[in-house]
Amino acid sequence: MTGDDLKIAYSPCPNDTFVFDALAHGRVPGAPGFDVTFADIDITNGRAERGEFDVLKVSYAVLPYVLDEYALLPCGGALGRGCGPLVLTREDGRTGGSDAVGGGGLTGRTVAVPSERSTAYLLFRLWAAEEVPGGVGEIVVMPFHEIMPAVRDGKVDAGLVIHEARFTYRDYGLHKLADMGEHWESTTGLPIPLGAIIAKRSLGTQALTRLADSIRASVRAAWDAPEVSRPYVMEHAQEMDPSVADQHIGLYVNEFTADLGEDGYAAVRGLLTRAAAEGLLPPLGPDALDFP
């Protein structure tokens, strides 16, 4: 680490450590150096709004608040299909049976979410506006790894979960009330935009292009030799089973991680435009998503 290293913040989740392993350990020729901070998505969203890091992994839902200072990078983030946030409840019949797909039982209920500026919460709000008559009750923000225990223990009525919870929620005796990704995909036909990589515009066009190229190279290195990244992934995976970590990476690291492409940009623009039309987010300027 040197004084010239870029200050970067991303989560300890397997998809982020997999993507950034080669960069974090200096194995991408010509790449900038990095000073890495691990932080939950709610923390990185807030730090982006305060302009505290050069590069961050944030929720796409936070972009309208930060794009004056930061540029959206066309790689390194999390989009995909079949990977959306889930609404979970206890199997006690209060909000429907184990095959429940509607949200009527959430009317007036307390729901835990990972961040009020998260894409998961934005997708949830768009879904609830259609599916929860009268609206939900109190929203409680907590770190995502605390949400399933809170639902299981009856501290909240339901939880909005992300990441590997898709694979492990049954271990907590919980059931899926609704899949936000299924709702998004069925109504738009687009992939689900979840997490974005942003970098300060003040770095300049040349540095931003170099950074994007370096992230792509790091992704390709991880795909080419996944066993090399495993120690870094598992070191930060919070005692996660290796098979779950592999599922997590397989779901969230895909072609959109290497390059957003036409469909990726359409998904991001579609989400933010729809949310702005509903009054949930400020509108984006016409060139806000352009890179560099």
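Residues numbered from 1 in each chain as written. Predicted model: local features only at pLDDT ≥ 70, side-chain atom pairs only at ≥ 80, totals over all residues. Heavy atoms only, no water.

### Details of the nonpolar core
To keep it simple, the criterion reads: Definition used in this section: a nonpolar core is a set of buried Ala, Val, Leu, Ile, Met, Phe, Trp, Tyr and Cys residues joined via side-chain atoms within 4.5 Å. The cut-offs for exposure are 20% and 50% of the maximum accessible area for each residue type, with area from a 1.4 Å probe on protein chains only; residues under the lower value are buried, those over the upper are exposed, and the others partly exposed. The helix and strand labels rest on DSSP assignments: H or I over at least four residues marks a helix, E over at least two residues marks a strand, and numbering proceeds from the N terminus. It only takes one pair of heavy atoms within 4.5 Å for two residues to be counted as in contact.
In terms of nonpolar packing, the biggest core is built from 58 residues, with Leu63, Leu72, Val87, Phe124 and Trp127 touching the most fellow members. Among the elements that take part in this core, helix 4 (residues 119–131) stands out by supplying 8 residues, more than any other. Other than its neighbours up to four places away in sequence, Val87 contacts Leu106, Phe124, Trp127, Ala158, Gly159, Leu160, His175, Lys176, Leu177, Ala178 and Met180. Ranked by size, the runner-up nonpolar core spans 31 residues in total, among them Tyr10, Val233, Val244 and Val253.

### Here's the deal with the sheet that holds strand 7 (residues 111–113)
Note the cut-off: Between any two strands, at least two bridges found by DSSP are needed for them to pair. With axes taken as lines fitted to C-alpha atoms, and helix axes fitted only over the stretch in contact, angles between N-to-C directions fall between 0 and 180 degrees.
Read from one edge of the open sheet, 5 strands run 8-7-9-6-10, paired in mixed fashion. One side of each edge strand has no neighbouring strand; the edge strands of this open sheet are strand 8 (139–141) and strand 10 (174–179). The mean angle between the axes of side-by-side strands here comes to 30°, regardless of whether they run parallel or antiparallel. Across 4 bridges, strand 6 (residues 86–90) lies against strand 9 (residues 158–161) in antiparallel orientation. Across the sheet, residue Leu88 finds its bridge partner in strand 9, namely Gly159.

### With respect to the side chain of Ser11
Test applied: In protein, a polar contact requires one atom able to donate a hydrogen and another able to accept it; more generally it is a pair of N or O atoms within 3.5 Å, and residues adjacent in sequence count only if both atoms are side-chain atoms.
Here Ser11 lies in the loop between strand 1 (6–10) and helix 1 (14–24). From its side chain, Ser11 meets the backbone nitrogen of Cys13 in a polar contact 3.1 Å long. At 2.8 Å, the side chain of Ser11 forms a polar contact with the side chain of Asp16. For Ser11, the contacting residues outside a window of four places in its chain are Asp16, Thr17, Phe38 and Ala39.

### Description of the packing of aromatic side chains
The cut-off we apply is this: Think of it this way: a Phe, Tyr or Trp ring, Trp meaning its six-membered ring, pairs with another when their centres are within 6.5 Å, and the plane angle makes it stacked under 30 degrees, edge-to-face over 60, tilted otherwise.
Tallied over the full model, the rule gives 5 aromatic pairs. Considering the side-chain rings of Tyr10 and Phe38, the 5.5 Å spacing of their centres and the 90° angle between planes classify their relative orientation as edge-to-face. Of this pair, Tyr10 sits in strand 1 while Phe38 sits in strand 2 (residues 34–38), and the two are 28 residues apart along the sequence. Judged by its relative accessible area of 30%, Phe38 is partly exposed. Their ring planes at 20° and their centres at 6.2 Å tell us that Tyr121 and Phe124 sit as a pair that is stacked. Residue Tyr121 and its partner Phe124 are located together in helix 4, separated by 3 residues, close to a single helical turn. Of the two residues, Tyr121 and Phe124, neither departs from the other in class, the shared state being buried.

### Some points on the packing of helix 4 against helix 7 (residues 180–188)
Heads up, the rule is: An angle below 35 degrees is read as roughly parallel, one above 145 as roughly antiparallel, one from 65 to 115 as roughly perpendicular, and any other as oblique.
Packing of helix 4 against helix 7 brings their axes to within 9 Å, and their N-to-C directions diverge by 75°. Comparing their axes, helix 7 and helix 4 come out roughly perpendicular. Contacts between helix 4 and helix 7 involve Leu123, Phe124, Leu126, Trp127 and Glu130 from the former and Met180, His183 and Trp184 from the latter.

### Section: the pairing of strand 2
Defined as follows: Look down the strands so they point away from you; if the path from the first strand over the helix to the second goes clockwise, the crossover is right-handed.
As judged from the 5 bridges shared by strand 1 and strand 2, these two strands associate in the parallel manner. Residue pairing for strand 2: Leu6 is matched across the bridge by Phe34. In this fold, the crossover linking strand 1 to strand 2 by way of helix 1 has right-handed handedness.

### Quick look at the pattern of salt bridges
This is how the line gets drawn: Each reported salt bridge corresponds to a side-chain nitrogen of Lys or Arg within 4 Å of a carboxyl oxygen of Asp or Glu.
In total, this model carries 14 salt bridges according to the counting rule given. The salt bridge involving Asp16 is made with Lys57; its shortest N-O contact spans 2.5 Å. Of this pair, Asp16 sits in helix 1 while Lys57 sits in strand 3 (residues 55–59), and the two are 41 residues apart along the sequence. Take Asp16 and Lys57: they sit in the same class, and that class is buried. Across the pair Glu52 and Arg50 runs a salt bridge whose closest N-O atoms are separated by 2.7 Å. Judged by its relative accessible area of 53%, Arg50 is exposed.

### Considerations on the pairing of strand 11 (residues 192–200)
Of all 9 residues in strand 11, 9 are buried, a share of seventy percent or more. As judged from the 5 bridges shared by strand 3 and strand 11, these two strands associate in the antiparallel manner. Residue pairing in the sheet places Val58 in a bridge with Ala196 of strand 11. With 3 bridges connecting them, strand 4 (residues 70–72) and strand 11 associate as antiparallel partners. Bridged to Ala71 within strand 11 is Ala199.

### Comments concerning the confidence of the model for the protein chain
Definition in use: On a range of 0 to 100, pLDDT expresses the predictor's confidence in each residue.
Mean pLDDT for the protein chain: 91, with 95% of residues reaching 70 or above. Counting interchain partners and residues more than four positions distant, the pLDDT-below-50 stretch residues 93–101 has 18 contacts.

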